[in-house]
Amino acid sequence: AVLAHNALQEEAQMIASRVGGRLLVAGPKKISRILEKGVLCYNGCFERVLDMARTAIEVSTVDQMRQCLDQLMKSQKLNIVRIKDRFESPTAGGWSDLQVNVEILSFNDRDA
């Protein structure tokens, strides 16, 4: 998870810089939470736990959000696997965002 986290942060930082956004770093999900989520939420199907490495790019405009998506689609290191539009259906707490789950296609093992 740490290697994936580092690769994700590096690519997200480049995207944030290109679109004028701000990278918000979250640490990698703890192994205890991955196990808990896999067992309780997905009946032991750990492949469904998609957020082991996490980050966010904060932007001010819809155009910047569109640019982020364009950059993600062009990325050679990331592949979009799911998008959740939480503008249409905000969370119970009123939070609205666009959540994008990606698969990390390649990363450098220099951080191992």
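Look a little higher up for the structure.
None of the values given here were measured: they were computed from a predicted structure.

About the cut-offs
- Residue numbers run consecutively from 1 along every chain, following the written order of its sequence.
- Totals for whole chains, interfaces and linings use all residues, but because this is a predicted model, local features are given only for residues with pLDDT of at least 70 and pairs of side-chain atoms are given and counted only at 80 or more.
- Hydrogens and water molecules were not included; the side-chain quantities draw on all heavy atoms of the structure.
- Strands here are runs of E lasting at least two residues and helices are runs of H or I lasting at least four, both read from the DSSP assignment and numbered beginning at the N terminus.
- Between the two quantities, the radius of gyration covers C-alpha atoms and the globule rule is 2.2 Å times the number of residues to the power 0.38.
- Residue burial is assigned from relative accessible area. The probe radius is 1.4 Å, only protein chains are included, and a residue is buried under 20% of its type maximum, exposed over 50%, and partly exposed in between.
- What makes two residues a contact is simply this: any of their non-hydrogen atoms within 4.5 Å.
- Working definition of accessibility: Shrake-Rupley area with a 1.4 Å probe, residue cover restricted to the visible protein chains.
- The charged-residue count follows a simple rule in which Lys and Arg add positive charge and Asp and Glu add negative charge, with His and chain termini not counted at all.
- By convention, the point assigned to a charge is CZ for Arg, NZ for Lys, CD for Glu and CG for Asp.
- Salt bridge, as used here: a side-chain nitrogen of Lys or Arg that lies within 4 Å of a carboxyl oxygen of Asp or Glu.

Caption draft 1: Fine view of the overall build of the chain. For the chain, the helix and strand inventory stands at 3 helices and 4 strands. Across the chain, helices and strands are ordered from the amino to the carboxyl terminus as α-β-α-β-α-β-β. The C-alpha radius of gyration computed for the chain amounts to 15 Å, which stays within 12% of the reference 13 Å derived for 112 residues, consistent with globular compactness. Its C-alpha atoms give the chain principal-axis dimensions of roughly 40 × 40 × 20 Å. Within the chain, the proportion of its 112 residues that are buried is 22%. Restricting to contacts in the chain with at least 6 residues of sequence separation, those with at least 24 account for 57%. With the model as given, the accessible surface of the chain reaches about 7,500 Å², and the carbon-plus-sulfur share is 53%. Charge separation in the chain, taken as the distance between the mean sites of 15 positive and 14 negative side-chain charges, equals 3 Å.

Caption draft 2: Fine view of the pattern of salt bridges. Evaluated as defined, the whole model comprises 6 salt bridges. Among the salt bridges present, the one from Arg66 reaches Asp70, with a minimum N-O distance of 2.6 Å. Residue Arg66 and its partner Asp70 are located together in helix 3 (residues 62-74), separated by 4 residues, close to a single helical turn. Of the residues examined, Asp70 reaches a relative accessible area of 25% and is grouped as partly exposed.

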